[in-house]
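Reading the structure
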Amino acid sequence: MMQKAQRNMRFCTFYSLVFCFAVLISGCTTTPPAIDKKSIIIGTGGVSGMYFPTGQAICKIINRKQRIHGVSCEAKPTKGSVDNIRASLRGELDFGIGRSEWIYSAYHGADIWNGELHKDLRVIFSTHSESIHLVADSKLKTIYDLKEKKVNIGNPGSLGRTDSERLLTAYEIDLKDLDAAQFRSGKAIEIFKEGKLDAIIYGVGDPSGLTEEAINSRKAKFIPIDGPEVDELIKQFPYYEKTMIDLGWYPKANNRSDVPSFGYKTIFFTKASASDDVVYQITKEVFENLDNFKKLHPSFKELTKLGMVNILDRLAPIHPGALRYYKEVGLK
């Protein structure tokens, strides 16, 4: 009787150990490590513009690995750059997308900010450019040929008008030297197509359907904007950047090669208090999946890793989470 009890005890002990070992192994192989879950909202722009699909693209890249890093992302339509900056600083948005000019002016208290410094702004990376298009009749060769021609410079008070005036000033062309028209860009393009304007100046992201219409209607051309004048513009207004208009988007343009210009960059930004780890993870996912990111919109074709960080230091401080990644991979 005693021997039977001992055998039963050994049997129970053996299977108890097996059971415990199985539970231990199961816990090690099937239970993932705990992660901090974080939901973020990116302020973008109107659903018909470029900022909304840019926010969607960032979120798509982030959400693919949500189970790994714990960050889920939503792109929210907004009124655009200024609205995003204000909402972000009030804590109503986690991240935002804005034009480089507005990021710079908000941080430095310039223009509409009237000396109110927003030193909590932090930049993360840039995406596509918005180039200044100088579309002209094919008979015009350089910017100096605009003199005494009918040129649309944008409606008074608009950003397009400001860009036009800065451009002409850089090349020492006085508005009095032109037969200047002052239409909004959409209206100006329609008038240009009718042959009633010699040239139009406006800013837009490529590819642009309106620009394609203007080019195709008259076999028009882009007038190059380059040289030391552009260097001086960028020195004076650090939120500008040199750009290149890809003729692949405009095959009927009366140009032989891609056309140099200048313009703005689209900036992904946040505030100083944003989590370093979250910003690091977002930056890493976008940069390490850049080829996939570029497929999400035609305007992203131009993107390079270096090009996405070049302008940042000129606008506002880079967020520490993003800077950590850039230092790891040698971009900073």
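See the structure printed just above.
All of the points below concern the structure found in this document. (Residues numbered from 1 in each chain as written. Predicted model: local features only at pLDDT ≥ 70, side-chain atom pairs only at ≥ 80, totals over all residues. Heavy atoms only, no water.)

Counted according to the given criterion, the structure contains 1 disulfide. Two residues, C59 and C73, share a disulfide whose sulfurs are 2.1 Å apart. Across the S-S bond linking C59 and C73, the dihedral sits near -55 degrees, which makes this disulfide left-handed. With a gap of 14 residues between them, C59 in helix α2 (residues 51-63) and C73 in strand β2 (residues 71-76) connect regions that are remote in the sequence. For the pair shown, C59 and C73 are each scored as buried. (Disulfide = S-S within 2.5 Å. Helix = DSSP H or I, 4+ residues; strand = E, 2+ residues; numbered from the N terminus. Buried < 20%, exposed > 50% of the residue type's maximum accessible area, 1.4 Å probe, protein only.)

Before going further, it helps to examine unusual backbone geometry. In this model, D206 is joined to P207 through a cis peptide bond whose omega is 0 degrees. Position of P207 relative to the elements: it lies in the loop between β7 (199-205) and α8 (209-218). One non-glycine residue, N114, adopts positive backbone phi at about 50 degrees. Under the relative-accessibility criterion, N114 is labelled exposed at 69%. With phi around 55 degrees, E172 is a residue other than glycine that occupies positive phi space. Relative to the helices and strands, E172 resides in the loop between α6 (159-170) and β6 (179-181).

A few words on the nonpolar core. In terms of nonpolar packing, the biggest core is built from 77 residues, with L146 and Y326 touching the most fellow members. Those residues within four positions of Y326 in sequence are excluded, and the remaining contacts are I124, F125, T283, F287, V309, L312, I318, L331 and K332. Formed by 18 residues, the second largest nonpolar core is a distinct cluster that contains I191, A214, I245 and A253. (Core = buried A, V, L, I, M, F, W, Y, C linked by side-chain atoms within 4.5 Å. Contact = heavy atoms within 4.5 Å.)

Per the counting criterion, the structure on display carries 17 aromatic pairs. Taking the centre distance of 6.1 Å and the plane angle of 45 degrees together, the rings of F237 and Y239 count as tilted. There is no split in this pair, since F237 and Y239 are both buried. Ring centres of Y325 and Y326 lie 6.1 Å apart, and the angle between their planes is 65 degrees; on these two criteria the pair is classed as edge-to-face. Classification of Y325 as buried rests on a relative accessible area of 3%. Relative accessible area serves as the criterion here: at 0%, Y326 is assigned to the buried category. The ring of F237 has R166 lying over it, and the distance from NZ or CZ to the ring centre is 3.9 Å. R218 extends its terminal NZ or CZ atom over the ring of F192, reaching a point 4.2 Å from the ring centre. (Phe/Tyr/Trp six-rings, centres within 6.5 Å; stacked < 30°, edge-to-face > 60°. Lys NZ or Arg CZ within 6 Å of the ring centre and 35° of its normal.)

Here E130 lies in strand β4 (residues 121-136). In terms of polar contacts, E130 uses its side chain to reach the side chain of Y51, at 3.3 Å. In this view, E130 contacts Y51, R99, V204, G205, F262, G263, Y264 and T266; residues no more than four positions away in its chain are not counted. (Polar contact = N/O pair within 3.5 Å; in protein donor to acceptor, adjacent residues only side chain to side chain.)

Further remarks concern the pairing of β7. Consecutive residues of a regular strand have side chains that alternate between opposite faces of the sheet. Across the 7 residues of β7, 5 count as buried, placing the element largely inside the fold. Bridge analysis of strand β5 (residues 150-152) against β7 gives 2 bridges, and the strand direction is parallel. What sits directly across from V151, in β7, is A199. (Pairing = 2+ DSSP bridges.)

In this section: α6. The first and last C-alpha atoms of α6 sit 17 Å apart over 12 residues, in line with the 16 Å expected at 1.5 Å per residue. Among the residues of α6, R161, D163, S164, R166, L167 and L168 are the ones counted as buried. At the exit of α6 stands E172, carrying a positive phi of roughly 55 degrees. (Expected span 1.5 Å × (residues − 1).)

The subject of this paragraph is the packing of helix α10 (residues 276-288) against helix α12 (residues 320-329). It is at 7 Å that the axes of α10 and α12 come closest, and there the two elements cross at 45 degrees. Compared by their axis directions, α10 and α12 come out oblique. Between α10 and α12 lies a crossing of right-handed hand. Between α10, through D276, D277, V279, Y280, T283, K284, F287 and E288, and α12, the contact on the second element is made entirely by P320, G321, A322, R324, Y325, Y326 and E328. (Axes fitted to C-alpha atoms, helices over the stretch in contact; angles between N-to-C directions. Parallel < 35°, antiparallel > 145°, perpendicular 65-115°, else oblique. Left-handed = near helix turned anticlockwise from the far one by under 90°.)

These values are about where atoms sit, not about what they do.
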